[in-house]
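Structure at a glance
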Amino acid sequence: MHQRTSTASGRPSGTDGSDFSYRMVVDSRYQKVAKGKSQLSKIIFIQAVIQLIVAANSFFAAQKTENFDRCAFCSVALGFISLIIGELGRKRSRSNFLKLYVAGSSTAVILSAVCFAMSRNPLEVLRNFNSLLPPNFEVLKILALILGFLVQIYSVAITASLIRNMAPPKRAS
């Protein structure tokens, strides 16, 4: 059998290099989708850590006061479910899952803030901020809420960009 040998320059045999203009080029939107998926993966991880902090805080507060806060646990459950849906949508490039993820995680963040505002007077918590440090977890919960809100805004922007780039290109007629 006859084997083809490559030239010294590393170019495949049978080409002189002049066919570069005919080769396929990856469309920029596919590169944007790959970048968006990578960013969304990091965002989902950060949101999962924040959800764990809020869940642990709610659990310890429930043990300490022996008062079960259903609203907080519902927001945590909704947050974890939406993160799972978001990860599935990211991995499988399903825009419907990503839309559901944005709606669910946004609802969870808003519900968490509403639960905190309903359970305590936020102005009173901020006035007594220094007295809350080690024994109470209020400071941690406030920081998790603020960080969760900021990450959620970034998540919505990244997911909207990802969904827009995943859509097939518009055909000019």
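For the structure, see preceding data.
In this report, the structure presented in the accompanying data block is examined. Since we're looking at a predicted model, the values are computed, not measured. (Residues numbered from 1 in each chain as written. Predicted model: local features only at pLDDT ≥ 70, side-chain atom pairs only at ≥ 80, totals over all residues. Heavy atoms only, no water.)

1. A short note on the environment of Phe116
- Of note, Phe116 is situated in helix H3 (residues 95-119).
- Taking relative accessible area as the criterion, Phe116 reaches 7% and is therefore assigned buried. (Helix = DSSP H or I, 4+ residues; strand = E, 2+ residues; numbered from the N terminus. Buried < 20%, exposed > 50% of the residue type's maximum accessible area, 1.4 Å probe, protein only.)

2. Remarks on the packing of helix H1 (residues 28-65) against helix H5 (residues 138-166)
- Closest axis-to-axis distance for the H1/H5 pair is 9 Å, and the angle between their directions is 155°. Judged on the interaxial angle alone, H5 and H1 are roughly antiparallel. Here the hand of the crossing between H1 and H5 comes out left-handed.
- By residue class, the composition of the contact of H1 with H5 is 15 nonpolar, ten polar and four charged. (Axes fitted to C-alpha atoms, helices over the stretch in contact; angles between N-to-C directions. Parallel < 35°, antiparallel > 145°, perpendicular 65-115°, else oblique. Left-handed = near helix turned anticlockwise from the far one by under 90°. Nonpolar A, V, L, I, M, F, W, Y, C, P; charged D, E, K, R; others polar.)

3. A word on the pattern of salt bridges
- Overall, the coordinates contain one salt bridge when judged by the stated rule.
- Residues Glu87 and Arg90 are paired through a salt bridge, measuring 2.6 Å at the closest nitrogen-oxygen approach. In this pair, Glu87 and Arg90 are both assigned in helix H2 (residues 70-92), three residues apart and thus about one turn of the helix distant. (Salt bridge = Lys/Arg side-chain N within 4 Å of Asp/Glu carboxyl O.)

4. Description of the nonpolar core
- Core analysis: the largest hydrophobic core is formed by 18 residues, its most contacted members being Leu40, Leu98, Tyr101 and Leu162.
- Within the residue set of this core, elements represented by two or more residues are H1, H2, H3 and H5.
- Ranked by the residues each element gives to this core, the list is headed by H1, at seven residues. (Core = buried A, V, L, I, M, F, W, Y, C linked by side-chain atoms within 4.5 Å.)

5. Things to note about the side chain of Arg90
- The class of Arg90 is buried, set by a relative accessible area of 15%.
- A polar atom in the side chain of Arg90 sits 2.6 Å from the side chain of Glu87.
- Beyond its immediate chain neighbours, meaning those up to four positions away, Arg90 contacts Lys37, Leu40, Ser41 and Leu98. (Polar contact = N/O pair within 3.5 Å; in protein donor to acceptor, adjacent residues only side chain to side chain. Contact = heavy atoms within 4.5 Å.)

6. Focus on the state of the cysteines
- This structure, assessed with the given rule, holds one disulfide.
- The disulfide bridge from Cys71 ends at Cys115, spanning 1.7 Å between sulfur atoms. Since a negative S-S torsion denotes a left-handed disulfide, the Cys71-Cys115 link at about -75° is left-handed. Remark: Cys115 occurs in helix H3 and Cys71 occurs in helix H2; sequence separation between them is 44 residues.
- Since its relative accessible area comes to 22%, Cys71 is described here as partly exposed.
- With no disulfide partner, Cys74 has as its closest neighbouring cysteine sulfur the one in Cys71, 6.9 Å distant.
- Residue classification places Cys74 among the partly exposed positions, given a relative accessible area of 47%. (Disulfide = S-S within 2.5 Å.)

7. Side note on the environment of Ala34
- For Ala34, the position within the fold is in helix H1.
- Residues Ala34 and Leu162 lie 128 residues apart in sequence; the distance between their C-alpha atoms is 8.8 Å.

8. Some details on the packing of aromatic side chains
- One pass over the structure, following the stated rule, counts one aromatic pair.
- Its guanidinium or amino end placed over the ring of Tyr30, Arg29 lies 4.6 Å from that ring's centre, counting from NZ or CZ.
- The positively charged end of Arg94 is found above the aromatic ring belonging to Phe97, 5.4 Å away from the centroid. (Phe/Tyr/Trp six-rings, centres within 6.5 Å; stacked < 30°, edge-to-face > 60°. Lys NZ or Arg CZ within 6 Å of the ring centre and 35° of its normal.)

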